[in-house]
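Geometric and topological summary
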Amino acid sequence: MINKEALEVCNEAIKQSKKSIITTHVNPDGDAIGSVLALSQALKFLGKEVEIIIDSTVPHFLLFLEGAGKILAYNSKLHDKLINNADTIFFLDLNHSKRVRTMESVCLQSRARLVMIDHHVAPQDFCHLCIVDTHASSTGELVWRLIDLLDIEITKDIAEALYVAILTDTGSFRFEKTTGELHRIIADLIDKGANPFHLYEKVYNQNSFSSTKLLGEAISNMELFYDGRLAVMTVTDEMFRANNTTDDDIEGYVEKTLMIKGVEAGILISEVRRRDEMRVSFRSKGKTNVRDLANRFGGGGHINASGARISGTNFADSRKMLIRAAEMLFSK
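Quick caveat: nothing in here was measured; it's all calculated off a predicted structure.

**Description of the packing of helix H6 (residues 156–169) against helix H7 (residues 180–191)**
- Direction vectors running N to C along H6 and H7 enclose 150°, while the axes themselves pass 9 Å from each other. As judged from the angle between their axes, H6 and H7 are roughly antiparallel. The crossing of H6 and H7 is left-handed. Across the interface between the two elements, Ala 159, Leu 162, Tyr 163 and Ile 166 from H6 touch Leu 182, Ile 185, Ile 186, Leu 189 and Ile 190 from H7.
- Its residues placed into classes, the contact of H6 with H7 shows 9 nonpolar, no polar and no charged.

**Quick word on the side chain of Thr 88**
- Note on placement: Thr 88 falls in strand E4 (residues 88–92).
- A relative accessible area of 3% means that Thr 88 is categorised as buried.

**Description of the packing of helix H5 (residues 139–150) against H6**
- The N-to-C vectors of H5 and H6 enclose an angle of 145°; their axes lie 8 Å apart at closest approach. Contacts from Gly 140, Glu 141, Val 143, Trp 144 and Ile 147 in H5 reach Ile 158, Leu 162, Ala 165 and Ile 166 in H6.
- For the contact of H5 with H6, the per-class residue count stands at 7 nonpolar, 1 polar and 1 charged.

**Some details on the sheet that holds strand E1 (residues 19–24)**
- The parallel open sheet is built from 6 strands, whose spatial order is E3-E2-E1-E4-E5-E6. Strand pairing shows two members of the sheet lacking a second neighbour, strand E3 (72–73) and strand E6 (129–132), which therefore form its edges.
- Sheet topology places E1 next to strand E2 (residues 49–54); 4 bridges connect them, and they run parallel. Each residue of the ladder has a partner; that of Ser 20, found in E2, is Val 50.
- Each of E1, E2, E4 and strand E5 (113–118) is contacted by helix H2 (residues 30–45), which is oriented at about 170° to E1, the strand it contacts most.
- Each of E1, E2, E3 and E4 touches helix H3 (residues 76–85); the most contacted strand, E2, lies at about 130° to it.

**So, H5**
- Its 12 residues give H5 an end-to-end C-alpha distance of 17 Å, which sits within 8% of 16 Å, the value for a rise of 1.5 Å per residue.
- Burial of H5 is extensive: 9 of the 12 residues sit out of reach of the surface.
- Every buried residue of H5 is listed here: Thr 139, Gly 140, Glu 141, Leu 142, Val 143, Trp 144, Leu 146, Ile 147 and Leu 150.
- Positive backbone phi, at 60°, marks Asp 151, one or two positions downstream of H5.

Thresholds, definitions, all that
- Residues numbered from 1 in each chain as written.
- Predicted model: local features only at pLDDT ≥ 70, side-chain atom pairs only at ≥ 80, totals over all residues.
- Heavy atoms only, no water.
- Axes fitted to C-alpha atoms, helices over the stretch in contact; angles between N-to-C directions.
- Helix = DSSP H or I, 4+ residues; strand = E, 2+ residues; numbered from the N terminus.
- Parallel < 35°, antiparallel > 145°, perpendicular 65-115°, else oblique.
- Left-handed = near helix turned anticlockwise from the far one by under 90°.
- Contact = heavy atoms within 4.5 Å.
- Nonpolar A, V, L, I, M, F, W, Y, C, P; charged D, E, K, R; others polar.
- Buried < 20%, exposed > 50% of the residue type's maximum accessible area, 1.4 Å probe, protein only.
- Pairing = 2+ DSSP bridges.
- Expected span 1.5 Å × (residues − 1).

It is worth stressing that arrangement in space is one thing and function is another; only the former is reported here.
Here it is, written out as structure tokens:
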């Protein structure tokens, strides 16, 4: 459970701060973007100076959220001074400093107080203050609890950001950590202006025709392994180019690997040639633990939803390594 004493300490740190930086992990998802936006708006309500800086761009399907278009894509020449002048740096939805990629060095060398707000297991000890609850459904849930403690009015914009954070990290309220208490938080957000139909439409039903065609190609190339218990979907750089799409367009693809009867785990491997790496997403059902598999490749996440990145090898070899390593999921 969340450490209430840590929440109180964080509350005091926020009250004492004047200039804050908020950041999150590379290739942010709905929980990451929703959480940083909600916290930013809450801090501004208290009269704080706040900037959100991330080593990525915001996924297109999240740009409708208030403030998302003002999130800064990290540039050392433009933003190191901002980071160095901050008295508090918030790391949301991540538990290891490497997850901010090129921002890591300047953030860790800053004299600011470093605050982590996260729900992943095995956090790295790199922050002065950690608000961590591995039983929480999402970072958005923890930000809601912090805002509630600060006794800040939850505006419609904050409610929408937090609703999207929780919606996306619970698989639309179907994952194991979707509790009655979480639904009471959701009810509060709906009362404050979050419209479930509108937000679901914005997040999940705004795919481009090109992205949908790419999904069809990816599904048609999907293969099964280990007696049909593992589904592997691949998206190559050539497929991206042929459909005039990018890796931003494959959000949610990996979920399709679990729609096949008998499949217990799914892997999506996408080639990001401009960064010379493979982006890997893992999903599973029940007690099949893909987090340990992701850890083997320097990644992490949750038991049923994790991710990793592989560099220094080609697409074919990466795929072979992943399929071979996935045997661990079914060997018990």
